[in-house]
Amino acid sequence: MRQFALQGAAVILVLSLAWPYFGWRAEAMPWLETSLAIGGVALLLATLSRQPWWWRLIHAGFMPLVWATQRLAIDPGWFLLAFLLLLLVYRGALSGQVPLYLSNRQTVAALADLLAGRGPCRFIDLGAGLGSTAVPLADALPEHHFTGYENAPLTWLAGRLLGLGRPNLDWRWDDLWQARLGDYDVVYAFLSPAPMARLWDKVQAEMKPGSLFVSNSFPVPGATPERIIDVDCVPARPLYCYRR
């Protein structure tokens, strides 16, 4: 809602100046120039409010893209199809402010080293995406058992297919908040800053003593990790390890 309000403020500001001006001159509104002006004002507002760089790009390009799309006269059915596909893949971003992040090979290698040092254990990936973490770990550590939780239908299906033929991998289509964390020795999450405080409450309430919670990139606010693993990758994706 904050981003919608910012874009709306840019629209209102530009139109409140442009509409009376061109109306007074009895000229048609130059919508290309107007959309570019709205994008520029939105970029300025996003910069002043210290939005991340990618939000600034979205705000700058949103209204010019709306104008370009209108000029192309694309059938509305294509937009509906695109929305449904995005919903099937990025459901977590809509329902829980958790975008689709894919763990890289360096992170998987660091996790494999961490798990190998603990001996056979039960590992759960909350928000498992396409299986970029759980699938290669299941291959590398056959003596361990891995579970992936994913609630976006299309993403879950892709991960399910990629994980076929691995008896030590359980792939579940479910909300991560329904997972029983007490059944696992290691809980892994690569989510976003938004749910971390709530997830930490769940970790403290459910995980058994001696178990390990690992968060990729996003630390738990107000909690001190027992260990931080610096993964050799760009951008930096440290693993914050918290022992119960």
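Residues numbered from 1 in each chain as written. Predicted model: local features only at pLDDT ≥ 70, side-chain atom pairs only at ≥ 80, totals over all residues. Heavy atoms only, no water.

Colleague: What should I look at first to understand the side chain of Ser-215 in this one?
Modeller: Relative to the assigned elements, Ser-215 resides in strand S5 (residues 212-216). The contact partners of Ser-215, leaving out residues within four places of it in the chain, are Ala-189, Met-196, Pro-238, Leu-239 and Tyr-240. (Helix = DSSP H or I, 4+ residues; strand = E, 2+ residues; numbered from the N terminus. Contact = heavy atoms within 4.5 Å.)

Colleague: Is there a simple way to explain the sheet that holds strand S4 (residues 186-189) in this structure?
Modeller: Think of a sheet as strands paired side by side through backbone hydrogen bonds, with each pair either parallel or antiparallel. The 7 strands lie next to each other as S3-S2-S1-S4-S5-S7-S6, forming an open sheet whose pairing is mixed. What marks the edges here is a single partner per strand, and that holds for strand S3 (169-173) and strand S6 (227-229). Strand-to-strand, the axes of this sheet are offset by a mean angle of 20°, without reference to chain direction. Looking at chain direction, strand S1 (residues 122-126) and strand S2 (residues 145-150) are connected through 5 bridges and run parallel. Looking at S2, one finds that Ile-124 is bridged to Thr-147. This element, helix H8 (residues 153-162), spans S2 and S3 of the sheet and lies at about 165° to S3. (Pairing = 2+ DSSP bridges. Axes fitted to C-alpha atoms, helices over the stretch in contact; angles between N-to-C directions.)

Remember that the coordinates give geometry; whether it matters functionally is a separate question.
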